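Read off the chains here:
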Amino acid sequence: SFIQPPQVAWASGALADGPLLRKSTRIQDLTHVFADENARQQLAGEQVVYDVEMLDTSPADGELYTGVTHLYPGRVGCEYFMTRGHFHARREQGEVYFGLRGTGLLLLQTEQGDARLEKVFAGSVHIIPGFTAHRLINTGEEVLSALAVWPGIAGHDYAALARGFRIRVFEENKRVQAKEVQNG
Ligand code: 6PG
Ligand code: NI
């Protein structure tokens, strides 16, 4: 009898048949993450912005984590829903993202403050080098789901970018507009 491995449904990103951990991030958890804090406060706090599902595997040195982020469509004011975004606590540790469904952007920013945006779509592959902060942005009308693989030792540093990334992405005149901002 062969081992039944965990599975990812490519079309939806749903993980199954493994020990799973889940975390929902809601509007109420994202204080000062979006440019328009007043607009955020007008929204229902319990509304889920993104769900992360991951395999509950070893975090030991050399081991890899596997997880899926489901980022829902929506906006805070004109700014598209996005993840909080982070550097890894272990700055040198990279990560790979794979777009599964929906459309959006992956915002990458170096420690020097250079920011860039990669298109995310079903089949897109994103090599996130070490020393590079990352944030998913859903610019579409559907759920944006992305598979990620990263070192168990990487950890998260949210504080370093608490004042924001150098680029924010808004809907303006029904179009996706990226804007450079001063803080971050
Ligand atoms: C990680 C991954 C990824 C990420 C989620 C949620 O390092 O764990 O990049 O699983 O955590 O997409 O994004 P935030 O951690 O920025 O909220
Ligand atoms: Ni990460």
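See the structure shown above.
Quantities reported herein were computed from a predicted structural model and do not represent experimental measurements.

Q: Mind showing me how you'd approach the coordination of the nickel ion (ligand 2) here?
A: Around a metal, the idealised angle for a tetrahedral arrangement of four donor atoms is 109.5 degrees; for an octahedral arrangement of six donor atoms it is 90 or 180 degrees. His 86 (NE2), His 88 (NE2), Glu 95 (OE) and His 134 (NE2) make up the full set of protein donors to the nickel ion (ligand 2), lying at 2.1 to 2.3 Å. Note that the nickel ion (ligand 2) binds 6 donor atoms; their angles at the metal cover 74 to 172 degrees, and the shape is octahedral. Considered as a linear motif, the donors of the nickel ion (ligand 2) on their single chain read H-x1-H-x6-E-x38-H. The two residues His 86 and His 88 agree in class, both being buried.

Q: Whenever I open this one, the layout of surface pockets confuses me. Can you help?
A: Regions of empty space are outlined by a rolling probe, equal in size to a water molecule, passed over the atoms. Considered as a void within the structure, the largest pocket measures approximately 520 Å³ in volume. What lines the largest pocket is a set of 28 residues, among which Tyr 50, Val 52, His 86, His 156 and Tyr 158 lie closest to the centre. Of all elements in the fold, only strand E3 (20-26), strand E4 (48-55), strand E5 (64-71), strand E8 (95-101), strand E12 (132-138) and strand E13 (144-151) reach the threshold of two or more residues within the lining of the largest pocket. Counting residues per element, the lining of the largest pocket draws most heavily on E3, at 4 residues. Here the residues of the lining of the largest pocket are counted per class, giving 11 nonpolar, 11 polar and 6 charged.

Q: Please explain the sheet that holds strand E10 (residues 115-120) as it appears in this structure.
A: Within a sheet, adjacent strands bond to each other through the backbone by hydrogen bonds, running parallel or antiparallel. Pairing in this open sheet of 3 strands is antiparallel, and the strands run E10-E9-E12 from one edge to the other. Each edge of the sheet is formed by a strand with only one pairing partner; in this case those strands are E10 and E12. Recorded for the sheet is a direction-independent mean angle of 20 degrees between the axes of neighbouring strands. Pairing analysis gives 6 bridges linking strand E9 (residues 104-110) to E10, with the strands arranged antiparallel. Bridging across to E10, Leu 105 finds its partner in Lys 119.

Q: I would appreciate a short explanation of the nonpolar core in the present structure.
A: In a soluble, globular protein the nonpolar side chains are often hidden away together inside. Counting 34 residues, the largest nonpolar core has Val 49, Leu 71, Tyr 97, Leu 106, Leu 136 and Ile 137 as its most contacted members. Residue assignment for this core shows that the elements contributing at least two residues are E4, E5, E9, E12, E13 and strand E14 (167-172). With residues up to four places along the chain from it excluded, the contact list for Leu 71 reads Val 49, Tyr 50, Phe 81, Met 82, Thr 83, Leu 136, Ile 137, Asn 138, Glu 142, Val 143 and Leu 144. Counting residues in each nonpolar core, the second largest holds 5 residues, with Leu 15, Leu 55, Val 68 and Leu 147 among its members.

Q: Can you help me understand the packing of aromatic side chains in this one?
A: Two aromatic rings are characterised by how far apart their centres lie and by the angle between their planes. Under the counting rule described, the total for this entry stands at 2 aromatic pairs. Aromatic pair Phe 34 and Phe 81: ring centres 6.5 Å apart, planes at 50 degrees, arrangement tilted. Taken as a pair, Phe 34 in the loop between E3 and helix H1 (37-42) and Phe 81 in the loop between strand E7 (79-80) and E8 lie far apart in primary sequence, 47 residues in all. For Phe 81, a relative accessible area of 1% corresponds to the buried category. Across the ring face of Tyr 158, the terminal group of Arg 84 is positioned such that the distance to the ring centre comes to 5.8 Å. Across the ring face of Phe 170, the terminal group of Lys 179 is positioned such that the distance to the ring centre comes to 5.4 Å.

Q: So what exactly am I meant to see when it comes to the environment of Thr 83 here?
A: Along the chain, Thr 83 falls in the loop between E7 and E8. Given a relative accessible area of 10%, Thr 83 falls into the buried group. Between the C-alpha atom of Thr 83 and that of His 134, which follows or precedes it by 51 residues, the distance is 8.9 Å. Each residue touching Thr 83, except ones within four places of it in the same chain, is listed here: Tyr 50, Thr 69, Leu 71, Arg 135 and Leu 136.

Q: Sorry if this is basic, but what is going on with the site of ligand 1 here?
A: Residues in close proximity to ligand 1 total 14 residues, the closest being Tyr 50, Thr 69, Tyr 97, His 156 and Tyr 158. At a separation of 3.3 Å, an oxygen atom of ligand 1 approaches a polar side-chain atom of His 134. His 156 is positioned such that a nitrogen or oxygen atom in its side chain is 2.7 Å from an oxygen atom of ligand 1. Protein burial of ligand 1: of its 400 Å² of free accessible surface, 94% is covered by the chains. At the level of secondary structure, the elements contributing two or more residues to the shell around ligand 1 comprise E4 and E8. Among the residues making up the shell around ligand 1, the classes are represented as 5 nonpolar, 7 polar and 2 charged.

About the cut-offs
Residues numbered from 1 in each chain as written. Chains lettered and ligands numbered in written order. Predicted model: local features only at pLDDT ≥ 70, side-chain atom pairs only at ≥ 80, totals over all residues. Heavy atoms only, no water. Donors = N, O, S within 2.8 Å, 3.2 Å for Na, K, Ca; no water. Tetrahedral: all angles 85-135°; square planar, octahedral: opposite > 155°, others 65-115°. Buried < 20%, exposed > 50% of the residue type's maximum accessible area, 1.4 Å probe, protein only. 1 Å grid on protein atoms, 1.4 Å probe; cavity = no way out; pocket = protein on both sides within 12 Å on 5 of 7 lines; lining within 4 Å. Points joined across faces, edges and corners; volume = space filled by probe spheres on them. Helix = DSSP H or I, 4+ residues; strand = E, 2+ residues; numbered from the N terminus. Nonpolar A, V, L, I, M, F, W, Y, C, P; charged D, E, K, R; others polar. Pairing = 2+ DSSP bridges. Axes fitted to C-alpha atoms, helices over the stretch in contact; angles between N-to-C directions. Core = buried A, V, L, I, M, F, W, Y, C linked by side-chain atoms within 4.5 Å. Contact = heavy atoms within 4.5 Å. Phe/Tyr/Trp six-rings, centres within 6.5 Å; stacked < 30°, edge-to-face > 60°. Lys NZ or Arg CZ within 6 Å of the ring centre and 35° of its normal. Near = heavy atom within 4 Å. Polar contact = N/O pair within 3.5 Å; in protein donor to acceptor, adjacent residues only side chain to side chain. Areas by Shrake-Rupley, 256 points an atom, 1.4 Å probe, with all protein chains shown as cover.

Purely spatial values, then, with no claim about function.
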